[in-house]
Every structure is written in C-alpha cells, then in structure tokens.
Amino acid sequence: MPTRPTTTERFMMGTTLSTLLAASCASGASSASGVSSAPDAGVAASPREPELLAFALQEGAIHNHFFRRGHIAAHLLVTSGVSPRLIVAFPAGNMGVAAWFDALPAPVELSVEGGVSGVERPGGMRGVSAVLVSAAPALRVHRLVLGSIRSVREVGRDGELPAWLRADVEACAAPAGGSIAARRTTVDGEHHLELLIEPLDGATAALGRDGRIELAAGPRGLRFRVTALSDEAPLTPVPLDEIANERAGDDPRHRQALAFLTYREKLLAGSWRFLTYFGRDTLLAVRMLLPVLEPAVVEAALGSVLDRLSPEGEVAHEEAIGEYAALLRLAAGRAGAPVHALRDPVHALRDPVHALRDPGHALREPVHDYKMVDDDFLLAPLAAEYLLGAPGRARAAAFLARRTPGGETYAQALARNVALVLRLAAPFAETRDPRALIALKEGESVGEWRDSEEGLAFGRIPYDVNVALVPAALRASARLLASPLLGAGPDEEGSARAERLARAWKDAGVFFRVELPEAEARRRAGAYAASLGIDPVPVVASLSGTLSFPAIALDGEGRPIPVMHSDDSFVLLFTDPPPEALEEIAGRLIRPFPAGLRTPVGILVANPAFAPDPAVRGLFTAGHYHGTVTWSWQQAMLAAGLDRQLARGDLSSTRARGALERARSALWEVIRASREASTWELWSWAVEGGRYRLVPFGAERAHHDESNAVQLWSTVYLAVRP
C-alpha cells in the first residue's frame, strides 16, 4: 500500500490546465484501500452472481473497454497519439471523468493492461479500475474534468473551463511519488466523483509546482492504476439472454453493445458521448430491431418514450439528467429564462456551488428537449407495427393500461401523439404549399437526425420528415384509430381523416426534386471527384441521361438545396414508392461517389457534388459530422428498406426489382467491407494511392467531432442481415 498522504495543498491550476486537483488526505487514496473489486473480465460469474458483461473495441487510436456487473456500469477509453486521453463514462447519471495529457513531440501508445475490473465501496461509490501503460517517459495532465458527460463534451480538451468546475476539487499529494486522488462534489451537493491514480513498478505520480499531475516512468516503464468512481443511482441492466430472441444474429459485438446500452428504465443512445435517453435513436433502433427483440425490451423502449411526451404529445428528443439537469435549472433561475431556452449552462453559471438550496426545488428533475420535429412522427409507426402485430397484439391492452409518471394511461399518451400528428399534417394537406410542409421550429437550426448546425446546409424543411415520416405516421395513426386500442372503441371518423391526410401527403416529394442534364451532371461530378483526388473517369462514365435526385432539404422559401443524400433509407423502410422512384434510389446506391453515394468503405450520407455553390459543398466534407461520411445505422436502414420493398406484393415491375437486387448486392458488399466499424456511430475515409481507406471519425484534426464506439442504432445488424 502506498504511503498515506500527509500534506494538503489548495491551489489554482494554470489557465491551460483548467481545474483544481486534489490529492487525497483521507483513507482510500489507493484502489487497494477499502475497495471491493469485481472479478476480472475473464472470470465467469456463478449463477447466483450478477451477470458480467466485459468487452473491448478498438476505434483507430482509441481503445474502448466496457464493463457492466450488477450496480456497476462504465465505459473506459484511452486514446493514443500526440495528445493522449483517458475518459471513464458512467451510464448512471450520465456522469464521467476525463483527463487530457499534454501534447507530446511524437505519438505514443496509451493502453489498458489486463482488462477492467469493477470497484464498489461501502457508501455507494462504485466504478472501475484498470492498469494503464505507456511507452512515454512521462505524462503530465493538461486538463481534468469530473462531471456530467455533457460538461465533458462541451468543455473538451481546450475549450473554456468555467471557474465553478475548477474550484470544487480538492487535492493533496502523497510523499515519494505516491498515489494522487481528485474528488468533486456535484453542484447540488448530493453526489460525488473520484479519480484515483496509483503509480506502479517504480513509476511516480506527483503534483508539479504549477499544480499539474505529473507521471514519470519507472524501471519497467510508465505503468499506473486508475480508478474512477461515482455514487450516482445505478440503472437496472437487462441480462443478455432477455434482450433478443433466437432469430437475432449471433455477432457477439453487436449483442454486447446492445446489452451495454439496454436498461429496464430506458435504452441509451451511445457511448461514451450519449449515455442517456434519445427519443429518435430509441424509436428508429427498436423499429429495425423489432423482429428480434423480446417484448419486454420493446415495451421498455416504447414506455420510455410515452413517459416523456410533452403535454402537446411531442416526443422528447433528449433527456438531461443528473448534474446537467441541475445546471440547466440553476442557469435558468439565474437568467430568468425558461429551462428549455438555455443552450450552454456549463458556461452560463459563475458560482453554482453557492446556489440557492431550496429543499422543495428538485434541481435534478430531468429536463426534456422537444426541439426536434422528426421524432414526433416516429412514435406512431413503431406503436402500430408492434401493438397491432404479433406478439404485441396479445400484450397491447395490458401495456396501454400502464400509466405515465403524470398519471395518464399509455393509451391516452399515445392518443395525444396521434392527435398531434394529424394537427401538424393538416396545413399542407389543405394548401399544398411547400412552405406549409413540416419545418424546423422557429429559432432552431436543427430538427432531425442531421442535427449539426450545417447538416441540412441551413435548410428549413427536411426531406426525410416530409416525404417519409409524416405519411408513415398518418397511415400508422389511421391503423391505430381504427383499432380499439386508443379509446373505448374504434374511431372510424378519425381513421378516415388520417387516411385522407396521408393521401394528400403522398406526393410531397415533388417539391424536393432536383434535375440536371447529363452533360452538366457529368461536368460537376467529374470536377468534384478530381478535387478530392478520386479518379473521375468511372464516376463520369456511370452517369447516363438526366440526373434526378431529391434535395436534402428546402430553404425557407421552399426552394430545393441540391445535395444528394442517403435519406432514401426512410422512404424505403416507411413508404411504398412507385417503381420509377425505386429505380432512381437503386441507382444512387450503385453509382460510385460522387456520381452516387457508394464508396468501397461505406455508403455516404451526403454528396454535395451537384451543388453549384462552393459554400454549400464546403459544408459537407469528410470531416463534417453529417458530411461525406458513413453512418452505420443508415446503411442498415437502407438494407432493411430494400428488403421491405423486395417483399412487396404489389411491386410487379421486373426492372425495379432487378435494380433493387443490384442495389442490395452493392450495399452488402460495402457493409461487409466495413464490418470492423459496424458498431461505431460513424466513420470517414481517405484516398491514398487511388484506393479508399476507412478512417475512424475523430482521428483527424479536420474532423469536427468524434464517433461513439457503440451506438444503439448501430446494433441493428442483429436483425438486419443479408
């Protein structure tokens, strides 16, 4: 056991370090002191013990380690390179610990040795421990953040760190290079986070003169144990064998990833960056996984959505919980503004530690975000598919009799969403004016899955919502209203109204249509290919005749923004396009980028080659979150949609069927080629020596964000298979 610390210092770190650290002067500085560790990942749990879930995934220079056992669940990741990094993210409370190290003159490896183990202490502190090793002679902490994962994301390595996040971590150092601990109490004073660092085999850990944590290698190199702990209330995991049925694929990575994100209270969107409820992600993932999910998991997902509906029936996009919810409420109180109007509570507060502590004020009550428009139209299609089909039909009455936290039945909550769908669809059905289509909400720059600021090229009226989701929601609403599920009996009048609205929306796609003469299409595609270092010859040769494709969005005046995209996936999965439209969709999946969307390492979600404005093309690069990149779930939804179309009994066109079969073959070829990345959120690419290379998103300086190693809707390959 290392020497017990004997001195304490309180100090402000340098402006680049960003936080106050504290070396523990209390017992328990070492992970070996008063700690109960769970078995190593390789030790099987006995039947009486909680299920052990432990697996690792590599995403370029990022080594991801997932651990879940009983009350403990955590994702520990380390990043190698010139700027090494450690992050531990906890599903409980969406909390975490992040340490960025100073930039080095050359890349170094930072990795986990021997797996991750669980740690649980009396009093509720629980987390994980691991031994980290590096070839670097020394590492010095550049920044340390203990708090909400949302705070970690918003502050990052070099963003402005507010004073309150620096000021409430205490530190002291043990003599002779012993252990160091950093601790922090959340802004509401109710919960705690700790990071313990214990040097091993002659390595040392000390606080430098400027207050930075400094780690130095010993005779066996730089080896140190890290232990990250939190006392947030844990979620209730669903055992692996209770998630999917016997029809699910047997890929262990997808099963493990889905299990890590599945809890009885809700499904989480992804890790490490989105360890909370997201309505869209839940609804789309469950829709694609529906054939293989156990009913209890489907109902947990649907119930989580119904529990969070707004009074108007809107689906909550995201749920802020734990400390981040407290930050939102504190910042709203200080600003005298509605909590939903706040965009950056982390930087809005100056001294929340001294906030008004009103026992009757529930700072941690979840805050729900309703700014998106797409998820409002995703609930009815999933509800109808499950509750009116097998096996949901037999369970529907009991499920809909459950009650939300507000006291209404699930049937009443679902009926409110159905009423909202019909109300929102009415203006366009009555006027046929493209400006009456579903647009982003006033004052919002995002509203559907392409929710980066530039994801729709600053358009206002998204293609996927209007051409696929609204018609699908109307047809699903008609089915639900025609059943007795939403009330005392079938609502034939309401069902007929929904059908009439659906017919009026059937041709909304005409407003998004973009057409280019063959010569102009070839010129633009060839020039764009050459600008990216892609051989333009096969690109140009693949284009024949007038090029038609739907715009990614309309601007505020109803004019199409000519960016090709992958949102045909929504059309294929949720609607029944005519044969000629199916042939066009197939062509976009078959033709090589930038004539279409296909690359050897993935189907791209956007292709700006045909936009005449260079400013628009500049919004969709391989470094943009919704640019010329591949999202795993989009490929899966395209595959599921193609299968759905090929199964249609009313599709008699042999040309359309042939085109769909060719598109399916081309799609699965690239899915297999990118199999290593299939659980990831997204990835990018580069061309070297005339060949495409898959690049983890976030691996390059030009990338505007980073990818999650596991994403809920990227696990759908358990149900979507060739």
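Analysis parameters
- Residues numbered from 1 in each chain as written.
- Predicted model: local features only at pLDDT ≥ 70, side-chain atom pairs only at ≥ 80, totals over all residues.
- Heavy atoms only, no water.
- Pairing = 2+ DSSP bridges.
- Helix = DSSP H or I, 4+ residues; strand = E, 2+ residues; numbered from the N terminus.
- Axes fitted to C-alpha atoms, helices over the stretch in contact; angles between N-to-C directions.
- Contact = heavy atoms within 4.5 Å.
- Buried < 20%, exposed > 50% of the residue type's maximum accessible area, 1.4 Å probe, protein only.
- pLDDT = per-residue confidence, 0-100.
- Salt bridge = Lys/Arg side-chain N within 4 Å of Asp/Glu carboxyl O.
- Arc of directions from axis to C-beta.
- Parallel < 35°, antiparallel > 145°, perpendicular 65-115°, else oblique.
- Left-handed = near helix turned anticlockwise from the far one by under 90°.
- Nonpolar A, V, L, I, M, F, W, Y, C, P; charged D, E, K, R; others polar.

Caption draft 1: Main features of the sheet that holds strand S14 (residues 213-216). With respect to topology, eight strands assemble into an open sheet ordered S2-S3-S4-S5-S6-S9-S14-S13, the strand pairing being antiparallel. At either margin of the open sheet sits one strand with a lone partner, and together these are strand S2 (52-59) and strand S13 (204-207). Going from strand to strand, the sheet's axes swing by 20° on average, the running direction of each strand aside. Here eight bridges tie S2 to strand S3 (residues 62-69), and the two strands are oriented antiparallel to one another. Residue pairing in the sheet places Leu52 in a bridge with Arg69 of S3. Together, S2, S3 and strand S4 (72-79) form the strand contacts of helix H3 (residues 252-260), whose direction differs from that of S2 by roughly 115°.

Caption draft 2: Structural view of the sheet that holds strand S19 (residues 461-462). As summarised here, the arrangement of the three strands in space is S19-S22-S23, forming an open sheet in which the pairing is antiparallel. This sheet does not close on itself; its edge strands, each paired only once, are S19 and strand S23 (560-561). Both S19 and strand S22 (residues 553-554) contribute to a ladder of two bridges, which runs antiparallel. Bridged to Pro462 within S22 is Ala553.

Caption draft 3: Structural context of the pairing of S14. What you see with S14 is a clean split: Ile213 and Leu215 sit on the buried side and Glu214 and Ala216 on the side with no burial. Relative to S14, S13 runs antiparallel, the two being bridged by four bridges. Across the sheet, residue Leu207 finds its bridge partner in S14, namely Ile213.

Caption draft 4: View of the confidence of the model for the chain. Summing up the model confidence of the chain, the mean pLDDT is 89 and the portion of residues at 70 or higher is 88%. In the predicted structure, residues 1-46 sits below a pLDDT of 50 and forms 133 contacts with residues beyond four places in sequence or in another chain. Throughout residues 353-360 the model reports pLDDT below 50, and contacts reaching past four residues in sequence, or to other chains, amount to eight contacts.

Caption draft 5: Main features of the pattern of salt bridges. Tallied over the entire structure, the rule returns 45 salt bridges. Salt-bridge contacts for Glu688 lead to Arg693; the nearest nitrogen and oxygen are separated by 2.8 Å. Because the salt bridges share partners, they merge into one network encompassing Glu113, Asp201, Arg220 and Arg223.

Caption draft 6: Representation of helix H9 (residues 392-400). Among all positions in H9, only Gly392, Ala396, Phe399 and Leu400 are buried. Angularly, the buried residues of H9 cover 85° about the axis, an arc narrow enough to put them on a single face. Exposed and oriented more than 90 degrees from the buried face of H9 are Ala394, Ala397 and Ala398. At its buried positions, H9 is contacted by helix H5 (295-307), helix H8 (379-387) and helix H10 (410-431).

Caption draft 7: Structural view of the packing of H10 against helix H11 (residues 463-482). Two elements in contact, H10 and H11, have axes whose closest approach is 10 Å; the angle formed by their N-to-C orientations is 130°. Taken together, the axes of H10 and H11 lie oblique to each other. Along this stretch, H10 crosses H11, giving a crossing that reads as left-handed. Each of Leu414, Val418, Val421, Leu422 and Ala425 in H10 lies in contact with H11, whose residues at this interface are Val470, Ala473, Leu474, Ser477, Leu480 and Leu481. Looking at the contact of H10 with H11 residue by residue, the classes come out as 10 nonpolar, one polar and no charged.

Caption draft 8: Structural context of the pairing of strand S29 (residues 682-688). With five of seven residues buried, S29 is to be regarded as a mostly interior element. As defined by bridge partners, strand S28 (residues 630-631) adjoins S29 across two bridges and the pair is classed as antiparallel. Paired with Thr630 across the strands is Trp683, a residue of S29. Pairing of S29 with strand S30 (residues 691-696), which is carried by six bridges, proceeds in the antiparallel orientation. Bridge pairing in S30 links Val687 to Tyr692. Between S29 and S30, which pair antiparallel one after the other, the connecting turn spans two residues, and Gly689 there sits at a positive phi close to 60°.

Caption draft 9: Molecular detail of unusual backbone geometry. For the bond running from Ser271 to Trp272, omega is 20°, close enough to zero to count as cis. Here the bond from Phe593 into Pro594 is cis, since omega is 10°, no more than 30 degrees from zero. As for its position among the elements, Pro594 is in the loop between helix H16 (579-590) and strand S25 (598-599). Phi at Asp201 is positive, roughly 55°, even though this residue is not glycine.

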